[in-house]
Amino acid sequence: MQRVINDFTIRVATVNGSGSQSSNLVLTNAIFSLGVPVAPKNVFPSNIEGLPTWFDVRVTARGYQCRTRDIDLLVGLNAATWRSDVASVKPGGAIVHEATYPIGGDTQRDDVTYYAVPFNELAKASFSDGTLRKYLLNMIYVGVLAELLGLDEATIEAAIAKQFKSKPKAVTTNMDAARVGFAYAREHLSKRDPFAIERMSGKTEGLLFMDGNRAAALGSVMGGCTVVAWYPITPSSSLCENFIALAEKYRVDKTTGEKNVAIVQAEDELAAIGMVLGAGWAGARAMTSTSGPGLSLMAEWAGYGYYAEIPAVIFDVQRAGPSTGLPTRTMQADIGFAYHLSHGDTKHIVLLPATVNDAYEMAMDAFDLADRFQTPVFVLSDLDLGMNSWITAPLAYPEKPFDRGKVLRADDLAKLDTWGRYRDIDGDGIAYRTLPGTNNPNAGYFTRGTGHDEQARYSELPDVWQRGLDRLNKKHETARTAVPKPAIDESGNAIALLAYGTTHHAIVEARDVLHADGIDVDYLRLKALPFAPEVASFIARHERVYVVEQNRDGQLYALLRAELPDHLVSRVRSIRHYNGVPIDAHAIIDPFLAAEREPAVVAE
């Protein structure tokens, strides 16, 4: 039997509310501490307790961070999904399971190894507290897996201490449970599978785990945000919750102890965005976080912010939808909606983070862009990035100053005879503004969403309205050169892939697999809307460009076709993945190869 070292995926199948999350993170961090890259993916139901939940830990020496559909090692602890879970394991795999689960019929396989463990009996014999026992059972399977994979007790103990650092008493109890698993595996299980963990050097040194919501919250703090108005909604809630925790530490006056931040949990998303725009109008850096249903409620306010030209930052952590949708499933289905949010002619700046570092840096960028262009800016994350943990380098402390844009202060106004709030004097579509409280009699102006002229005076004249729309469009065109540029990796190949957000991680692996088969493709990772000039230039250099995204209708594909020159439209193709779980490499490879055999618009 050939050993498989540091290259397999573990799936833990349990029920929601069983407390398995902590155990799975202990396992993840234990492997990571040995220098082995891991990619954890939590697939959980939207109810509070009782339905199936799965947690995948991809062990990957090459550092891939995307999901894989191949399950090598299963921990089966959910009787309701036992049959389908067994079927999900690839040939040559192994299954660690509750000993009372039946093996026979469709759960009897000759191409996998079974390890029967009496988890319930072990937990009952070891822990008298019935409530606590349910949670500690999970740590028993950590011990069993660790023994089978070659992880020692000291490594697991260190991971438990890290997981429960705020609850020291829990460290001893959980380690006792892990030792029960270690002991049972040593005494009763004979190693018959090929999977093993071995320490690696240099692969994870200096790196850490972080989820995208926490990184975006930290970026908001670093970006100078002082006002947050929000309404809880999965999967965005932890973004504002993390901001609140950070503000408790870093938004406090060191002398007086007073907080210098305003955080309001509004009655709904409609109220939240109204507060954010009010704060932005007053000169504060303000934000909210939401998901698709909340974004729907914000549509009219987004249009108001666009036409009144008020800075605001809206984080949209996308999920499957519409309406209540599937709040615990990931998608990239809001990009078309966010770009044109509101009725009428609106086109917004939209940032598209793919990594934890992106979430951090683009949060800061969003506040600068909102101030510079005096407009709402959307940051489109997704559940996969927002709620899952990712390997990342430490986040760099920002060095550049804030860009507050064209703000006229009292001394500026003293030098001017007149000024117009909505007058473009620089030719870039961006007007000058003042902030409330500016000590000059000429600072004030009348704020309206629409129906104003260049001087901010009321008007419904057709030519005035058209001039305003044209200026706003010119401002949008200026933004093309100010938003983050796409990341381009090309070597003169005729074919290319184009993607955004967390699809990037599956692209990385897909390109490697294709390369191993003798197929090389170039790659552009889009970071923002509006499209930077480099996007059209990239497409012009390639015969075919496959746009890969996680939505049914190919929304980015449609936006590209709407804005590309006519002679480039026929060069783009569409590959879509939209089943609610994070995209994997083969969701790209399979339709790509099919399309290359017979070019067409294809979907996974």
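If you're wondering where the values come from, they're calculated on a predicted model, not measured in any experiment.

A.B. asks: Is there a simple way to think about the nonpolar core in this case?
C.D. replies: In a soluble, globular protein the nonpolar side chains are often hidden away together inside. The biggest cluster of nonpolar side chains holds 56 residues, and the ones touching the most others in it are Ile 10, Ile 31, Val 96, Phe 119, Ile 156, Ile 160 and Ile 197. Setting aside residues no more than four positions away along its own chain, Val 96 makes contact with Leu 73, Leu 74, Val 75, Gly 76, Tyr 115, Val 117, Phe 119, Val 144, Leu 145 and Leu 148. Formed by 48 residues, the second largest nonpolar core is a distinct cluster that contains Ala 286, Leu 295, Ala 338 and Val 547.

A.B. asks: Can you walk me through the sheet that holds strand β4 (residues 52-60) in this structure?
C.D. replies: For sheets, the rule is that strands pair by backbone hydrogen bonds, running either parallel or antiparallel. Ordered in space as β3-β4-β2-β5-β6-β7, the six strands form an open sheet in which the pairing is mixed. Taken across any chain shown, the strands that pair with only one partner, and hence form the sheet edges, are β3 (38-43) and β7 (113-117). Between one strand axis and the next, the sheet turns by 15 degrees as a mean value, whatever way the strands run. By the bridge criterion, five bridges tie strand β5 (residues 71-76) to strand β6 (residues 89-98) in an arrangement that is parallel. Paired with Leu 73 across the two strands is Ala 94, which belongs to β6.

A.B. asks: Would you mind showing me how to read helix α17 (residues 503-516) here?
C.D. replies: Three- or four-residue spacings in an α-helix give side chains the same orientation, since the helix completes a turn every 3.6 residues. For α17, with 14 residues, the first-to-last C-alpha span of 20 Å sits near the 20 Å given by 1.5 Å per residue. Every buried residue of α17 is accounted for by Thr 503, His 504, His 505, Ala 506, Ile 507, Glu 509, Ala 510, Arg 511 and Leu 514. Positioned one or two residues after α17, Gly 518 has a phi angle of 85 degrees, which is positive.

A.B. asks: Looking at this structure, how should I read empty space enclosed by the protein?
C.D. replies: Leftover empty space is mapped by rolling, across the atoms, a probe with the size of a water molecule. Summed over the entire model, instances satisfying the criterion amount to six cavities of 30 Å³ or more. Roughly 70 Å³ of internal volume is contained in the largest cavity. Taken together, Tyr 306, Lys 347, His 348, Ile 349, Phe 373, Thr 375, Leu 472, Lys 475, His 476 and Ala 479 make up the lining of the largest cavity. A total of four residues in the lining of the largest cavity trace back to one element, the largest contributor, which is helix α16 (residues 462-479). A per-class count over the lining of the largest cavity returns five nonpolar, three polar and two charged. Among the domains, domain 2 (210-392) and domain 3 (406-482) are the pair contributing at least three residues each to the lining of the largest cavity. In this structure, the second largest cavity occupies an estimated 60 Å³ of space. Those elements giving two or more residues to the lining of the second largest cavity turn out to be β3 and α14 (383-387). Considering only residue class, the lining of the second largest cavity consists of four nonpolar, five polar and two charged. No fewer than three residues from each of domain 2 (210-392) and domain 4 (487-597) sit in the lining of the second largest cavity.

A.B. asks: It is not clear to me how the domain arrangement of the protein should be interpreted in this structure. Could you clarify?
C.D. replies: How big an interface is tends to be expressed through the accessible area that disappears when the partners come together. Taken domain by domain, the protein comprises domain 1 (4-196), domain 2 (210-392), domain 3 (406-482) and domain 4 (487-597). Of the residues lining the interface, eleven residues belong to domain 1; the matching set on domain 2 comes to nine residues. The largest contributions to the domain 1 side of the interface with domain 2 come from Lys 41, Phe 44 and Gln 65, which together make up 49% of the buried area. Between the two partners, domain 1 and domain 2, sit one salt bridge. On the surface where domain 1 and domain 2 come into contact, there are five residue pairs in polar contact (both at pLDDT 80 or more). Per-element accounting of the side of domain 1 that touches domain 2 gives the leading share, five residues, to β3.

A.B. asks: Hey, could you run me through a nonpolar patch on the surface in this one?
C.D. replies: On the surface, Leu 270, Leu 297 and Trp 301 cluster together to form a nonpolar patch covering roughly 260 Å² of accessible area. Structurally, Leu 270 can be placed in helix α9 (residues 269-281).

A.B. asks: Looking at this structure, I do not really get the packing of helix α3 (residues 119-126) against helix α4 (residues 130-149). What am I missing?
C.D. replies: Axes are the key here: two packed helices are described by the angle between their axes and the distance separating the axes. Contact geometry of α3 with α4 gives a least axis separation of 9 Å together with a crossing angle of 120 degrees. Here α3 runs over α4; the crossing is right-handed. On α4, the residues touching Phe 119, Asn 120, Leu 122, Ala 123 and Lys 124 of α3 are Arg 133, Leu 137, Ile 140, Tyr 141 and Val 144. When the residues that make up the contact of α3 with α4 are grouped by side-chain class, the tally is seven nonpolar, one polar and two charged.

A.B. asks: Looking at this structure, I do not really get helix α13 (residues 356-373). What am I missing?
C.D. replies: For α13, which comprises 18 residues, the first-to-last C-alpha distance of 25 Å matches the rise-based estimate of 26 Å (1.5 Å per residue) to within 8%. Judged by how many residues are buried, α13 sits mostly within the fold: 15 of 18 residues are covered. One or two residues past the end of α13 sits Gln 374, with phi positive at roughly 50 degrees.

A.B. asks: What is the right way to look at the pairing of strand β13 (residues 312-318) in this model?
C.D. replies: Within a regular strand, the side chains alternate between the two sheet faces. Counting buried positions along β13 yields seven of seven residues, so the element is predominantly enclosed. Side chains of β13 alternate between two faces, with Ala 312, Ile 314, Asp 316 and Gln 318 and Val 313, Phe 315 and Val 317 buried alike. As paired strands, strand β12 (residues 286-290) and β13 are joined by four bridges and run parallel to one another. Considered in β13, the bridge of Thr 290 is made with Asp 316. Two strands pair when backbone bridges link them, and β13 and strand β15 (residues 376-382) are joined in this way by seven bridges, in the parallel orientation. When the sheet's bridge partners are listed, Ile 314 is paired in β15 with Phe 378.

What counts, and at which threshold
Residue positions are given per chain, counting from 1 as you read along its sequence in written order. Where totals are concerned, whole chains, interfaces and linings use all residues; where local detail is concerned, this predicted model gives features only for residues with pLDDT of at least 70, and gives and counts side-chain atom pairs only at 80 or more. Side-chain metrics rest on all non-hydrogen atoms present in the structure, leaving aside hydrogens and water. We define the nonpolar core as a collection of buried residues of types Ala, Val, Leu, Ile, Met, Phe, Trp, Tyr and Cys that are connected through side-chain atoms lying within 4.5 Å of one another. We call a residue buried when its accessible area falls under 20% of the maximum for its residue type, exposed when it is over 50%, and partly exposed in between, using a 1.4 Å probe and counting protein chains only. Here a residue-residue contact requires only that any non-hydrogen atoms of the pair lie within 4.5 Å. At least two DSSP bridges between two strands are required for those strands to pair. Put simply, DSSP marks the helices as runs of H or I at least four residues long and the strands as runs of E at least two long, and each gets a number from the N terminus on. Here the axes come from fitting lines to C-alpha atoms, over the contacting stretch only for helices, and the angles between their N-to-C directions go from 0 to 180 degrees. Expected span, for any helix, means 1.5 Å times one less than how many residues it has. Buried and open spaces are told apart on a 1 Å grid over the protein atoms alone, a cavity being a set of points where a 1.4 Å probe fits but cannot get out and a pocket being an open set with protein on both sides within 12 Å along at least five of seven lines. Residues with an atom within 4 Å of a point are the lining residues. Grid points are joined across faces, edges and corners, and a volume is the space filled by probe spheres set on the points. Basically, the charged four are Asp, Glu, Lys and Arg, the nonpolar ten are Ala, Val, Leu, Ile, Met, Phe, Trp, Tyr, Cys and Pro, and anything else, Gly included, counts as polar. Where each domain starts and ends follows an automatic or database-derived domain assignment. Buried surface area refers to the total accessible area, computed with a probe of radius 1.4 Å, that the two partners give up upon joining, counted for both partners together. The term salt bridge refers to a pairing of a side-chain nitrogen on Lys or Arg with a carboxyl oxygen on Asp or Glu at a separation within 4 Å. Between N or O atoms, a polar contact is any pair within 3.5 Å; within protein, one atom must be a potential hydrogen donor and the other a potential acceptor, and residues adjacent in sequence are included only when both atoms are from side chains. A patch is a set of surface residues, each over 30% in relative accessible area and not in a salt bridge, joined within 9 Å for like charges and within 5 Å for the nonpolar side chains Val, Leu, Ile, Met, Phe, Trp and Tyr. Computed with the Shrake-Rupley method and a 1.4 Å probe, the accessible areas treat only the protein chains shown as cover for residues. Crossings are sorted by hand: turned counterclockwise from the far helix by less than a right angle, the near helix makes the crossing left-handed, and turned clockwise it makes it right-handed.

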